[in-house]
Amino acid sequence: MTSRTLRVGPLSAVLDGVELRWICYNDCEVLRGIYGSVRDDAWRTIPPKVKTAEIQQTSDRIDVRFRGEHSAEGIGFGWRGHVALTASGIVQYRFHGVAHRAFARNRIGLCVLHPISLAGTPVTITSVSGNRRAATFPEEIDPGSPFLDIAMMRWANHQMVATLEFVGDAFETEDQRNWADASYKTFCTPLALPHPVTIAAGTRVAQGVTLRVKPINALTKRPRLARSRPASTDVVSFDLAATRPMPELGTCLAPGHERLTDAQVAALAELGFSSLRVVVDLSWRGWQDRLLAAASVASRVGSRLAVELVMDVGHVKLAEFVRLIGSLDTPPVHCLVFPADGYATSASDVEHLRETVNASGQSLLVGGGSRASFAELNRAALPLEMLDLIGCPIASLVHAVDDATAMENIEALAHVVRGCLRASNGRPVIVGPVTLRPRYNAYGLQRASLGPESDSDRLDPRQQAPFAATWTLAAVSELVTASAVILHEVSGPAGLLPEADDPTGRSAYAAVRLLTSARPGRLVEAVSPAGMAAFGLTDGAAIRGFVANLTDRTRALDLRLAGDDDARCSVSTVVGPYGWTSVELPGQ
C-alpha cells in the first residue's frame, strides 16, 4: 500500500501503510501520527503487511478501511483498521484485532505521536475514572512517563483547541526524545503492568482514538517538513556574526572490525579525525588483540585513541587492561566505563578503574553516561563527581526506519545534546557514535552484545548512499554544542568507509572528508527554510557552506551571506530529494 494524501475540509493527513501521518488542520500540524502496533517480548516492532485497503470519499468525509497482518517467528496477529476524517475537524482511528496464535507480547494496539513543537504547552489530562489534572508537555527531556492514566487529552494554542479521546485501554505518554525521536508518544498498555505476557489464541483487542480540532483565530500556516510546497527559490543565509568553535570529530571502530586493510587505513587517514574509539569488553575472548589492533590504527592515521570499556563480572581482567594501556606508545585520551550487566555507568566501576589506574602510576580521564541511548543516561544516577566527561550514542531509527522519519528526527538531536549538557554540570560532552540504526536492542530479554554476530540487525542499504551523507551533515548541524561528535563507525554495517568506488562523490565518506578538510575553522550558523539544514565553516577569509535537503522533493536554493540583500555574493544551486551540497562563498 503506497502512501496517499487525504484532504477534506480543513483536515489533511498522509496514509502510509497503517499509519496516519502528519495530521494537520489548515496545514498546521496537530499530530505527528496515529498507528497500530505489535511489539514482541523483546520490544521489537513486528511490521504489518496491509492485506486490503478501501478508500471512500465524499465532499465532507473520507473513510479508509484496511487489514493489517503481523507475522514473525512464533507471532501471528491480524486486525481491521478504520480511519475517518470529516470536514468538521474530526479524525477517528479504530483498531479491531485477534491473535491467530498464542505468543508473548509487550504491547498490542494504538499509538499516537505528538510533535515536539508542543514542548512547554499546557495540557489537561482526564483519567479513566474521569478525574482531570493540569500538566505540560515537557521542555526538558522527561526520563519517565510525564502523563499516566489517560482517557482524554486537551491542549490549545493561539490557533486551535485539540481534544484527543482514547477507548479500549488506559494510555500513557513517554518522551521519545530519550531515543532521539522528534515526538512524544501516547500508547496503550501502561508500562507499570507486567510484561511480557502471553496473549492466548483467539484473544480480541479493540481500541479507538478520536481527535477533535476547533479553530480559535485565523490560522497561520506552518509547512510540513517533507510535504510542504516550496517557493520557486529558497534562501539559505550564513551569518558571519554568529560563529562558534566546531566540535571535535571522531569515529569508532566497529566491534569485530578493528583490523583494517592498508587501503582502509589510508582512506581513514584522509578524514583527519581527532579521535578513534574502540570498544573493549573484558568478557570477550581476544579483547587484548582488538585493543592492540585499534591502537595501531589510531597511530597510523594520526588520531588519539579513546576506549569504551565494558567491565567483566568481578573486575577480574581490569588490572590486565590497565597494564596493557600503559604499555601503549600513546595511551588512550580517555576511557568511558560501563558495567558488565547494564548500560549506564556505575560508581563502583568508576571507583575500581580509578583505583587500578592510580595504583599503576598512570593518569587517565574517566568518562561515563550510557552506551545504549540518552534514555539510560537520563534515568541513571550517574556518579558525576567521579567523572571527567559524559556521553551517549545517538541513532535516529530506533522506532521507525523510513526516510521521512530519519530526517524529521534530526530536530530531536539538539534536544539530546542539551539534555547531556544539563546532566554534565559543565563537563565535556561527547555524543556518539551517531548512527542511522541503533547499535543493539538494549531492551531485549538478554544482554545485548556488539560484534559481527549482530551486524545483520544493523544493516541499512542507505548507509553507503547519498542519503546517509545528507543525514550526517544535518546531524552535525544539530550537534554543534557538544564538545565532540563521534560519527558512525569506520567499517561494518554503520561504516563510513566506502565499500566500493564512489564515482559521484556523494557518499557520507565524501561529505565528511569535505567537512574535515575545512578545519581548522569556526562554525558559521545559518538560517534555512523548513526542511533544510545548513551551516558553514570559515577560516576568516571564505566560507564553505554545507546544505542538506531533508525533504523528498528537489529544492532550488540561493545561498548568501546574512545582510547581502542584493545577493551580490550569492550562489544558486539545486539540491535533489534527500540530497546535499557544499559550496564556497566569499567572505566579507
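Remember, it's a predicted structure, so these values are computed and weren't measured experimentally.

A few words now on the packing of aromatic side chains. Taken as a whole and judged by the stated rule, the model has 14 aromatic pairs. Centre to centre, the rings of Phe 467 and Tyr 578 are 5.4 Å apart; their planes meet at 65°, and the pair counts as edge-to-face. With Phe 467 in helix H9 (residues 466-478) and Tyr 578 in the loop between strand S32 (571-575) and strand S33 (580-586), this residue pair connects regions lying 111 residues apart in the sequence. Measuring from centroid to centroid gives 5.2 Å for Phe 535 and Phe 546, while their planes differ by 20°, and the two rings are stacked. Of this pair, Phe 535 sits in strand S29 (residues 532-538) while Phe 546 sits in strand S30 (residues 542-549), and the two are 11 residues apart along the sequence. Take Phe 535 and Phe 546: they sit in the same class, and that class is buried. Members of the aromatic cluster, connected to one another through ring pairs, are Phe 66, Phe 77, Trp 79, Tyr 93 and Phe 95. Geometry around Trp 284 places Arg 290 over its ring, the cationic atom sitting 4.4 Å from the centre. The lysine or arginine in question, Arg 462, covers the ring of Phe 467, its NZ or CZ lying 5.2 Å from the ring centre.

Before going further, it helps to spend a moment on the pattern of salt bridges. For the structure shown, the criterion picks out 28 salt bridges. Where Asp 234 meets Arg 555, a salt bridge forms, and the shortest distance between an N and an O atom there is 2.9 Å. Taken as a pair, Asp 234 in strand S19 (residues 234-245) and Arg 555 in strand S31 (residues 555-561) lie far apart in primary sequence, 321 residues in all. You can call Asp 234 buried: its relative accessible area is 10%. For Arg 555, a relative accessible area of 2% corresponds to the buried category. Across the pair Arg 458 and Glu 489 runs a salt bridge whose closest N-O atoms are separated by 3.0 Å. Here Arg 458, found in helix H8 (residues 455-458), pairs with Glu 489, found in the loop between strand S27 (484-487) and helix H10 (508-517); they are 31 residues apart in sequence, far enough to count as distant. Grouping residues by exposure puts Arg 458 and Glu 489 together as buried. Put simply, Asp 16, Glu 19, Arg 21, Glu 29, Arg 32, Asp 402 and Glu 408 are held in one network by salt bridges that share partners.

So, on to the sheet that holds strand S25 (residues 389-395). Taken in spatial order, the eight strands close into a barrel running S20-S21-S22-S23-S24-S25-S26-S27, and their pairing is parallel. This sheet shows a mean twist of 30° between the axes of neighbouring strands, independent of strand direction. Where strand S23 (residues 334-338) meets strand S24 (residues 366-369), two bridges bridge the pair, whose relative direction is parallel. Paired with Leu 336 across the bridge in S24 is Gly 367.

Moving on, we come to the packing of helix H1 (residues 262-269) against helix H2 (residues 287-301). Put simply, H1 and H2 touch, their axes get as near as 9 Å, and they point 50° apart. In terms of their interaxial angle, H1 and H2 are classed as oblique. Between H1 and H2 lies a crossing whose hand is right-handed. From H1, Asp 262, Val 265, Leu 268 and Ala 269 reach across to H2, where they touch Val 297, Arg 300 and Val 301. Residues that form the contact of H1 with H2 fall into these classes: five nonpolar, no polar and two charged.

Parameters and conventions
- Within each chain, residues carry numbers counting from 1 in the order of the written sequence.
- The predicted nature of this model means local features are confined to residues of pLDDT at least 70 and side-chain atom pairs, given and counted, to a pLDDT of 80 or more, with totals for whole chains, interfaces and linings taken over all residues.
- Hydrogens and water molecules were not included; the side-chain quantities draw on all heavy atoms of the structure.
- Two rings belonging to Phe, Tyr or Trp (six-membered ring only in the last case) form a pair when the distance between their centres is within 6.5 Å. Interplanar angles under 30 degrees mark stacking, angles over 60 mark edge-to-face geometry, and anything in between is tilted.
- Counting from the N terminus, the helices are DSSP H or I runs at least four residues long and the strands are E runs at least two residues long.
- Exposure categories follow from relative accessible area, calculated using a 1.4 Å probe and restricted to protein chains: below 20% of the type maximum is buried, above 50% is exposed, and the middle band is partly exposed.
- Placement of a positive charge over a ring is assigned whenever Lys NZ or Arg CZ falls within 6 Å of the ring centre and within 35 degrees of the normal to the ring plane.
- Definition used for salt bridges: Asp or Glu carboxyl oxygen within 4 Å of a side-chain nitrogen of Lys or Arg.
- When DSSP finds at least two bridges between two strands, those strands are taken to pair.
- Axes, fitted as lines to C-alpha atoms, cover a helix only where it is in contact. Angles between the N-to-C directions of the axes lie from 0 to 180 degrees.
- Angular relationships are summarised with four words: roughly parallel below 35 degrees, roughly antiparallel beyond 145, roughly perpendicular across 65 to 115, and oblique for the angles in between.
- Less than a right angle of anticlockwise turn of the near helix away from the far helix marks a crossing as left-handed, whereas a clockwise turn marks it as right-handed.
- Here a residue-residue contact requires only that any non-hydrogen atoms of the pair lie within 4.5 Å.
- Throughout this entry, Asp, Glu, Lys and Arg are counted as charged residues, while Ala, Val, Leu, Ile, Met, Phe, Trp, Tyr, Cys and Pro are counted as nonpolar. The remaining residues, Gly among them, count as polar.

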